[in-house]
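Coordinate analysis (summary)
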Amino acid sequence: MRSFYIGDNFEEDDSSDGDLAVLMMGGELDYEVSPQIRARLVGAIKDGRRRLVLDLSDVTFIDSTAIGVLAGTVVKLDEAGGGSLAVVCAHEKVVQIFEITGLDSVIAVHSTREEAVSALSFVR
Amino acid sequence: MATSEQHDAAGRAESELHLPARRSELSVARKYAGDVGAEFGLDPDGCYDFVLAVNEAVTNAIRHGASDERGLIHLSIVADEDRVTFSVRDFGSFVMPVMDGPVNSDHGRGLAMMASLVDEVQLEIEPGGTTVRLSKVRP
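Residues numbered from 1 in each chain as written. Chains lettered and ligands numbered in written order. Predicted model: local features only at pLDDT ≥ 70, side-chain atom pairs only at ≥ 80, totals over all residues. Heavy atoms only, no water.

Per the secondary structure count, chain B includes three helices and six strands. Secondary structure elements of chain B occur, N-terminal to C-terminal, as β-β-α-α-β-β-α-β-β. Taking all 139 residues of chain B together, the buried fraction comes to 44%. Partitioning the intrachain contacts of chain B with sequence separation of at least 6 by distance along the chain shows that 59% fall at a separation of at least 24. (Helix = DSSP H or I, 4+ residues; strand = E, 2+ residues; numbered from the N terminus. Buried < 20%, exposed > 50% of the residue type's maximum accessible area, 1.4 Å probe, protein only. Contact = heavy atoms within 4.5 Å.)

And the structure:
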């Protein structure tokens, strides 16, 4: 099982005006690494990102603290004047956790990055 | 990390693991739970759910509980013919989570997740600590 990693930078989407960005993560997202995830997402919002795609295709495990970080990011986007967060999930059990926690009702879960970027491209 | 294994009078396998109450020990607890679940005979899906539930209980113990005088939390396993039970004991005061908070709350999901992932969750709340017992029935 691959250990946790998080992309160095947000990958900007050239088709947008710069506030849509994609961040890749992989491995196991738990209480140990949640502070790193929170810091990166808070930093992105401070940098003016308002439409965020988290590509979790390589994530094999997500716990309630990491889920809490994503939920908190939605709140922070609202507090920053509004925005959207979408995730890309390939692992069936990870998708199941979004469903169990009900977070799929506030964060759109997509099966491909293209689908997520396309969905947020129409959100203003 | 200290482990021990024995069988009780009823022939149930029991083992114990004492872990430092640190975030970095979570992966150790998951590996332990995964090995136990597989050895018991849980299928990969059931084993995954068992590991995630254990992860939640150990996270709670590290996050909200307190360790013993040696800085440890206590994990134990009992397996018999029908079920495997994983217990997590800490020495802090239990704080009941807000179960009906907003869906975008950044906390309070651990207990509900445990309940949805295993067949039975038992909470034993005492003045000196809290024990969470997570049971999976043999498929």
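From this point on, the discussion continues.
Judged by side-chain charge, Arg38 and Lys76 of chain A together with Arg23 and Arg63 of chain B come together as a positively charged surface patch. Mapping arginine 63 of chain B onto the fold places it in helix H2 (residues 44-63). The partly exposed category is assigned to arginine 63 of chain B, whose relative accessible area is 34%. (Patch = residues over 30% accessible without salt bridge, like charges linked within 9 Å, V, L, I, M, F, W, Y side chains within 5 Å. Areas by Shrake-Rupley, 256 points an atom, 1.4 Å probe, with all protein chains shown as cover. Salt bridge = Lys/Arg side-chain N within 4 Å of Asp/Glu carboxyl O. Lys, Arg positive; Asp, Glu negative; His and termini not counted. Charge placed at Lys NZ, Arg CZ, Asp CG, Glu CD.)

Counting residues at the interface gives 23 residues for chain B, matched by 27 residues for chain A. Carbon and sulfur atoms supply 61% of the area that chain B and chain A bury against each other, a total of about 2,100 Å² over both sides. Broken down residue by residue, the surface that chain B buries against chain A is led by Arg23, Tyr48 and Asn104 of chain B, which jointly contribute 29%. The interface formed by chain B and chain A holds four salt bridges in total. One salt bridge connects arginine 30 of chain B with glutamate 28 of chain A, and the closest N-O pair in it is separated by 3.0 Å. At the junction of chain B with chain A, the criterion picks out eight residue pairs in polar contact (both at pLDDT 80 or more). With 10 residues, H2 of chain B is the single largest residue contributor to the side of chain B that touches chain A. (Buried area = accessible area lost by both parts, 1.4 Å probe. Polar contact = N/O pair within 3.5 Å; in protein donor to acceptor, adjacent residues only side chain to side chain.)

What follows is about the packing of helix H3 (residues 92-101) of chain A against H2 of chain B. Two elements in contact, H3 of chain A and H2 of chain B, have axes separated by 12 Å at closest approach and are oriented at 50 degrees. The orientation of H3 of chain A with respect to H2 of chain B, classified from their angle, is oblique. Taken as a pair, H3 of chain A and H2 of chain B cross one another with a handedness that is right-handed. Where H3 of chain A approaches H2 of chain B, its residues Lys93, Val94, Gln96 and Ile97 of chain A are matched on the opposing element by Asp45, Tyr48, Asp49 and Leu52 of chain B. Residues that form the contact of H3 of chain A with H2 of chain B fall into these classes: four nonpolar, one polar and three charged. (Axes fitted to C-alpha atoms, helices over the stretch in contact; angles between N-to-C directions. Parallel < 35°, antiparallel > 145°, perpendicular 65-115°, else oblique. Left-handed = near helix turned anticlockwise from the far one by under 90°. Nonpolar A, V, L, I, M, F, W, Y, C, P; charged D, E, K, R; others polar.)

With that out of the way, let us pick up the nonpolar core. In this structure, Leu70 and Phe98 of chain A together with Leu75 of chain B are the most contacted members of the largest nonpolar core, which totals 65 residues. No other element matches the 11 residues that H2 of chain B contributes to this core. Of all hydrophobic cores here, the second largest spans eight residues; its members include Leu20, Val53, Ala116 and Leu120 of chain A. (Core = buried A, V, L, I, M, F, W, Y, C linked by side-chain atoms within 4.5 Å.)

Position of serine 105 of chain B among the secondary structure elements: in the loop between strand E4 (83-90) and helix H3 (110-117). As a C-alpha pair, serine 105 of chain B and isoleucine 73 of chain B span 32 residues in sequence and 27 Å in three-dimensional space. Leave out the neighbours within four places in its chain, and serine 105 of chain B touches Gly68 and Ala71 of chain A.

With that out of the way, let us pick up helix H4 (residues 113-121) of chain A. All names here are of chain A. Within the span of H4, buried status applies to Ala116, Val117 and Leu120. Buried residues along H4 cover an arc of 95 degrees about the axis, so they all sit on one side. Against the buried residues of H4 lie strand E3 (20-29), strand E4 (51-62), strand E5 (84-89) and strand E6 (108-110). (Arc of directions from axis to C-beta.)

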